[in-house]
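Descriptive structure summary
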Amino acid sequence: MSDNDDVPFNRDFPLKPGIVEEVRPGVRRVLCNNPSPFTFTGTVSYIVGNGNVAIIDPGPDDAAHAAALLDAVRGETVSHIFVTHTHHDHSPAVPKIKAATGATVYAEGPHRASREVHLGEAPRLDASADFDFRPDVRLADGDVVAGTGWTLEAVTTPGHTKNHMAFAFREADAMFIGDHVMGWSTTIVAPPDGSMQDYMASLDKLTRRSERLYLPGHGAIIRDAPKYVTQYIAHRQGRENSILARLAKGAADIPTLVRAIYIGIDPRLIGAAGLSVFAHLEDLVARGRVACDGEPSLTATYRLAGERLGS
Ligand SMILES: [Zn+2]
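Bear in mind that the values here come from a model prediction, so they are computed numbers and not experimental data.

A short note on the overall build of the protein chain
Scanning the protein chain from N- to C-terminus turns up 6 helices and 15 strands. Relative to the compact-globule value of 19 Å for 311 residues, the protein chain shows a C-alpha radius of gyration of 20 Å, a close match. Counting only C-alpha atoms, the protein chain reaches 70 × 40 × 35 Å along its principal axes. Long-range contacts, defined here as pairs at least 24 residues apart, represent 63% of the contacts in the protein chain between residues at least 6 apart.

Okay, here's the thing in structure tokens:
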């Protein structure tokens, strides 16, 4: 949903599926052939180390991708699998790769919603979650896991999902950032799976870190990460300001807000845009800036706090 030009999005990513490419000493990547409006050219799996290696985000349940990953590490020992989060384009290949390698699986935890699911509220984008995933080892913020030639620090980054975790790669001044920050687009935050309040807090957390490079789950490497994160935050604040500006003209529902804010959007992304606006509205209601009748929901009508409906 890159409708604004305030973030320097980069869609130049010529990597072909199944090709193993070394992007940094000790970091290889393999692209899965699962392109979509949500995954860009597909999921990027990473291999960390040489000889004794870790795999980060084995990807979707895709036989060709699993075979490409296992081919890439032929003759090597895969001791660790790390998972950034449990969307179906990142984690379902874990059992296959674990069975083939005997690696131990590390992640924040199983998939779960960011907040209580309200009565009568269907879990949104439910089909996108891998509810079967269970890590062998649950990691907490700041936990450090080391292998041969690599050290990864767990950095909890909830928001896109409750269990989203980035991994700082200490030897390379880099971070495997999952879907929390992407170079080609903004990240989808869809309640109740995701939470805008958590998401913004996790972006803010990144501003206090110094890693220069982000290695995302989709698309190219982000090279000036600290600057990019501040632009990403500004973009979200801009989106929030657009919502507040529209509500200043009168109460509105989510389809009305989407039409007002996402000009020229890819029609396939309108549902996701509605969820993103919903995520902002939940956050604004929690902060007392916006009001609605009852719990914030996809069908509610929203107004600036302190104003009567219809005024
Ligand atoms: Zn995701």
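After that view of the structure, there is still more to cover.
Overview of the coordination of the zinc ion
At the metal site, the zinc ion is ligated by His85 (NE2), His87 (ND1), His160 (NE2) and Asp179 (OD), and these contacts range over 2.1 to 2.4 Å. Angles of 85 to 171 degrees at the metal separate the 4 donor atoms of the zinc ion, which places the site in the irregular class. Coordination of the zinc ion draws on donor residues from a single chain, spaced H-x1-H-x72-H-x18-D in sequence. For the residue pair His85 and His87, the accessibility class agrees, reading buried in each case.

Quick notes on the sheet that holds strand S6 (residues 104–107)
Strand order in the open sheet formed by 7 strands is S1-S2-S3-S4-S5-S6-S7, and the pairing between neighbours is mixed. This sheet does not close on itself; its edge strands, each paired only once, are strand S1 (20–24) and strand S7 (137–138). With 5 bridges joining them, strand S4 (residues 52–56) and strand S5 (residues 77–82) adopt parallel strand pairing. By the bridge assignment, Asn52 is partnered in S5 with Thr77. Against the sheet, helix H1 (residues 63–72) makes contact with S1, strand S2 (27–31), strand S3 (44–48) and S4, and its axis sits at roughly 155 degrees relative to S2, the strand it touches most.

Some words on the side chain of Glu211
By the secondary structure assignment, Glu211 is in the loop between helix H3 (196–206) and strand S12 (213–216). The class of Glu211 is buried, set by a relative accessible area of 10%. At 2.9 Å, the side chain of Glu211 forms a polar contact with the side chain of Arg209. Contact partners of Glu211, with chain neighbours within four places excluded, come to Ala168, Asp173, Ala174, Met175, Ala225 and Pro226.

Structural notes on the pairing of S1
A regular strand places its side chains on the two faces of the sheet in alternate fashion. Across 4 bridges, the pairing between S1 and S2 is antiparallel. Of the residues in S2, the one forming a bridge with Val20 is Val30.

A few points about the pattern of salt bridges
One side chain can pair with another of opposite charge once the charged atoms of both are near each other. For the structure on display, the rule yields 18 salt bridges. Put simply, Arg208 and Asp204 hold a salt bridge, and the shortest N to O gap is 2.9 Å. The partner of Asp293 in a salt bridge is Arg303, with the nearest N and O atoms 3.6 Å apart. Taken together, the residues Asp293 in the loop between strand S14 (290–292) and strand S15 (301–304) and Arg303 in strand S15 connect sequence positions 10 residues apart. Put simply, Glu153, Arg170, Arg209 and Glu211 are held in one network by salt bridges that share partners.

Digging into helix H5 (residues 254–261)
All of the buried residues in H5 are Ile254, Leu257, Val258 and Ile261. For H5, the angular spread of the buried residues around the axis is 100 degrees, confining them to a single face.

Remarks on the side chain of Thr157
Structurally, Thr157 can be placed in the loop between strand S9 (150–156) and strand S10 (165–169). A residue is classified by how much of its surface remains accessible, and Thr157, at 0% relative accessible area, is buried. Separated by 2.9 Å, the side chains of Thr157 and His164 make a polar contact. If we skip the residues at most four places from it in the chain, Thr157 touches His164, Met165, Ala166, His180, Ser202 and Leu206.

Let's talk about the layout of surface pockets
One number sums up the size of the largest pocket: a volume of about 420 Å³. In terms of lining residues, the largest pocket is bounded by 24 residues, among which Phe38, Thr39, Asp89, Ser128 and Ile188 are the most central. Looking at side-chain class alone, the lining of the largest pocket contains 10 nonpolar, 11 polar and 3 charged residues. Reported here for the second largest pocket is a volume of approximately 190 Å³. In terms of lining, the second largest pocket is formed by Pro8, Asn10, Gly183, Ala220, Ile221, Ile222, Arg223, Asp224, Lys227, Tyr228 and Gln231.

Some thoughts on the nonpolar core
Ranked by size, the top nonpolar core spans 51 residues in total, and within it Phe82, Phe176, Val181, Tyr214 and Tyr232 carry the most contacts. In this view, Tyr214 contacts Met175, Ile177, Val181, Leu206, Ile221, Ile222, Ala225 and Val229; residues no more than four positions away in its chain are not counted. Residues Ile188, Leu257, Leu281 and Cys292 belong to the second largest nonpolar core, which totals 25 residues.

Topic: the packing of aromatic side chains
One pass over the structure, following the stated rule, counts 8 aromatic pairs. When the centroid spacing of 4.7 Å and the interplanar angle of 10 degrees are considered together, the rings of Phe40 and Trp184 count as stacked. Of this pair, Phe40 sits in the loop between S2 and S3 while Trp184 sits in the loop between strand S11 (174–178) and H3, placing them 144 residues apart in sequence. In this structure, Phe40 and Trp184 share a single accessibility class: buried. Relative to Tyr106, the ring of Phe82 lies with its centre 5.2 Å away and its plane at 25 degrees, an arrangement referred to as stacked. Separated by 24 residues along the polypeptide, Phe82 in strand S5 and Tyr106 in strand S6 bring together distant segments of the chain. For the pair Phe82 and Tyr106, a shared accessibility class is recorded, and that class is buried.

Reading guide: rules and limits
Residues numbered from 1 in each chain as written. Predicted model: local features only at pLDDT ≥ 70, side-chain atom pairs only at ≥ 80, totals over all residues. Heavy atoms only, no water. Helix = DSSP H or I, 4+ residues; strand = E, 2+ residues; numbered from the N terminus. Rg over C-alpha atoms; globule rule 2.2 N^0.38 Å. Contact = heavy atoms within 4.5 Å. Donors = N, O, S within 2.8 Å, 3.2 Å for Na, K, Ca; no water. Tetrahedral: all angles 85-135°; square planar, octahedral: opposite > 155°, others 65-115°. Buried < 20%, exposed > 50% of the residue type's maximum accessible area, 1.4 Å probe, protein only. Pairing = 2+ DSSP bridges. Axes fitted to C-alpha atoms, helices over the stretch in contact; angles between N-to-C directions. Polar contact = N/O pair within 3.5 Å; in protein donor to acceptor, adjacent residues only side chain to side chain. Salt bridge = Lys/Arg side-chain N within 4 Å of Asp/Glu carboxyl O. Arc of directions from axis to C-beta. 1 Å grid on protein atoms, 1.4 Å probe; cavity = no way out; pocket = protein on both sides within 12 Å on 5 of 7 lines; lining within 4 Å. Points joined across faces, edges and corners; volume = space filled by probe spheres on them. Nonpolar A, V, L, I, M, F, W, Y, C, P; charged D, E, K, R; others polar. Core = buried A, V, L, I, M, F, W, Y, C linked by side-chain atoms within 4.5 Å. Phe/Tyr/Trp six-rings, centres within 6.5 Å; stacked < 30°, edge-to-face > 60°.

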